[in-house]
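# Overview (structure and organization)
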Amino acid sequence: MYTQLEQRGMPQPPVNVSTLRRMKDEKRPIACLTAYDASYAVLVDAAGTDVVLVGDSLGMVIQGHDTTVPVTVDDIVYHARAVARGLQRPFLVADMPFMSYTTPEQALENSVRLMQEGGAMMVKLEGGEGQVDIVSHLSRHDIPVCAHLGLKPQSVHKVGGFRVQGRESGKAREMIDAAQRLQDAGADIVLLECVPNELGEAITRALEVPVIGIGAGPEVDGQILVLYDILDITQGRTPRFVRNFQSGHTAPVDAIRAYVEAVRDRSYPAPEHCFS
Ligand code: KIV
């Protein structure tokens, strides 16, 4: 009945929130990637990835939009369900799309869909101080939450572009306080996108929960990238933090394995992938 208990003795038991906390405490970097379908999910799992995110980046890399704004809850449910079928060991996180968590009640209703219909084990939402009540409501209902801070792609039209966040000391202080409040409200992971190394390190030190970075420097507890970026499928200009791991490999699974190893041995991110 308790499949998780039975699997505990396996050489590679499934990752859960306790595994991730332990990895932070033991300073073992957490390797995370996005995935959007079952075939790639199998490869990402085989390569040893710890956390898989069905990100709303699918709006750009799968659906061809310019931003993540058009993505719906139905879209995430559809892709999460496919990814879940391909995974055994990794911890599956699904994104709450734009405007799907404007009230605690709406957030709870949509989180339940991502978990029950999509098979997600955690939901991720973009938020700061304004989302503390929502995280607290979800947490009170035992919904695991990842809070996404820094560059928040769903706010692109309000912010006026994709740019590094938290460079000014006042903004950096605000982000550290927001991260702390989100953790206190029950967030189980904080994800930081596009912030200076120093801020990534400060938030990682301040929090007990794991901090996963994308363009947040080498001192965070784990790294995440968009799968199609590391496989060199994405065409045109890519963000500074992207590294092409397909180069030098023929099979995609070898490229993904190279990414996981680079995160584990901390050779990724290198200084050229970071912001100051
Ligand atoms: O949607 C996504 O893929 C994300 C990652 C970039 C972290 O949020």
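Preceding block: the structure.
This structure is a prediction, so every number in the text was calculated from the model and none was measured.

### Considering the packing of aromatic side chains
Under the definition given, this model contains 5 aromatic pairs. Between Y36 and Y228 the ring centres are 5.6 Å apart and the planes differ by 85°, which places this aromatic pair in the edge-to-face class. Of this pair, Y36 sits in the loop between β1 (30-34) and α3 (38-46) while Y228 sits in helix α11 (residues 227-230), placing them 192 residues apart in sequence. Given a relative accessible area of 12%, Y228 falls into the buried group. Taken together, the aromatic side chains of Y36, Y40 and Y228 make up a single cluster linked through ring pairs.

### Topic: the site of the ligand
Around the ligand, the structure places T34, L53, G55, D56, S57, D95, K124, H148, L191, I214 and V226. Separating an oxygen atom of the ligand from a side-chain N or O atom of D95 is a distance of 3.1 Å. Between the ligand and the protein, one listed contact pairs an oxygen atom with a side-chain N or O atom of K124 at 2.8 Å.

### Section: unusual backbone geometry
Omega for the bond connecting Y268 with P269 falls within 30 degrees of zero, at 0°, which places this linkage in the cis form. You will see that C194, though not glycine, has its phi angle at about 55°, which is positive. Mapped onto the secondary structure, C194 falls in the loop between β6 (189-193) and α10 (197-206). One non-glycine residue, D232, adopts positive backbone phi at about 60°. Within the secondary structure layout, D232 lies in the loop between α11 and α12 (252-264). D232 sits in the partly exposed class, given a relative accessible area of 42%.

### Regarding helix α2 (residues 17-25)
Residues spaced three or four apart along an α-helix face the same direction, because each turn holds 3.6 residues. When α2 is considered as a whole, its buried residues turn out to be T19, L20, M23 and K24. Considered in projection along α2, the buried side chains sweep an arc of 140° and stay on one side of the axis. The opening residue of α2, the one whose side-chain oxygen lies 3.0 Å from the backbone nitrogen of S18, is N16. In the stretch just after α2, K27 is the one whose phi turns positive, near 55°.

### Some remarks on the packing of helix α9 (residues 169-185) against α10
Two elements in contact, α9 and α10, have axes whose closest approach is 10 Å; the angle formed by their N-to-C orientations is 30°. When the axis of α9 is compared with that of α10, the two are roughly parallel. Seen from above, α9 lies across α10 with right-handed handedness. Residue-level inspection shows A172, M175, I176, A179 and Q180 of α9 in contact with α10, the latter providing L199, A202, I203 and A206. Here the contact of α9 with α10 is composed, by residue class, of 8 nonpolar, 1 polar and no charged.

### Considerations on the nonpolar core
Counting residues in hydrophobic clusters, the biggest one holds 91 residues, and the most contacted among them are L114, L138, L192, I203, I230 and Y259. In terms of residue count, α12 provides more of this core than any other element does, 8 residues in total. Beyond its immediate sequence surroundings of up to four residues, Y259 is in contact with C32, L33, Q223, I224, L225, I230, F245 and Y268.

### A word on α9
Taking 1.5 Å of rise per residue, the 17 residues of α9 would be expected to cover 24 Å, and the 24 Å separating its terminal C-alpha atoms lies within 8% of that figure. Buried within α9 are the following residues: A172, M175, I176, A178, A179, L182, Q183 and A185. For α9, the secondary structure elements touched by its buried residues are α7 (132-140), β5 (145-150), β6 and α10. At the exit of α9 stands G186, carrying a positive phi of roughly 120°.

What counts as what
- Per-chain numbering applies: the sequence of each chain, read as written, is numbered from 1 onward.
- The predicted origin of the model limits local features to residues at a pLDDT of at least 70 and limits the giving and counting of side-chain atom pairs to 80 or more, whereas totals for whole chains, interfaces and linings rest on all residues.
- For side-chain calculations, the full set of non-hydrogen atoms in the structure is used, while hydrogens and water are omitted.
- Classification of ring pairs uses Phe, Tyr and Trp, with its six-membered ring standing for Trp, and accepts pairs whose centres are within 6.5 Å; under 30 degrees between planes counts as stacked, over 60 as edge-to-face, and the remaining range as tilted.
- Secondary structure is summarised from DSSP: a helix means a run of H or I of at least four residues, a strand means a run of E of at least two, and numbering begins at the N terminus for each.
- Three labels apply to residues, based on accessible area from a 1.4 Å probe with only protein chains included: buried if under 20% of the type maximum, exposed if over 50%, partly exposed otherwise in between.
- Near, as used in this document, describes a residue that has one of its heavy atoms within 4 Å of the molecule or strand being considered.
- Here a polar contact is taken to be a pair of N or O atoms separated by no more than 3.5 Å, where protein atoms must pair a possible hydrogen donor with a possible acceptor and residues adjacent in sequence count only if both atoms sit in side chains.
- Read the arc as the range of directions from the helix axis to the C-beta atoms.
- Axis definition: a line fitted to C-alpha atoms, over the contacting stretch in the case of helices. Angles run 0 to 180 degrees between N-to-C directions.
- Here the angle decides the label: under 35 degrees means roughly parallel, over 145 means roughly antiparallel, 65 to 115 means roughly perpendicular, and every other value means oblique.
- Crossings are classed by handedness, with left-handed meaning an anticlockwise turn of the near helix from the far one by less than a right angle and right-handed meaning a clockwise turn.
- Only heavy atoms matter for contacts: two residues are in contact if any of them lie within 4.5 Å across the pair.
- Side-chain classes follow a simple rule in which Ala, Val, Leu, Ile, Met, Phe, Trp, Tyr, Cys and Pro form the nonpolar group, Asp, Glu, Lys and Arg form the charged group, and the remainder, Gly included, forms the polar group.
- Among buried residues, the Ala, Val, Leu, Ile, Met, Phe, Trp, Tyr and Cys ones that are joined through side-chain atoms within 4.5 Å form a nonpolar core.
- Multiplying 1.5 Å by the helix residue count minus one yields the expected span of that helix.

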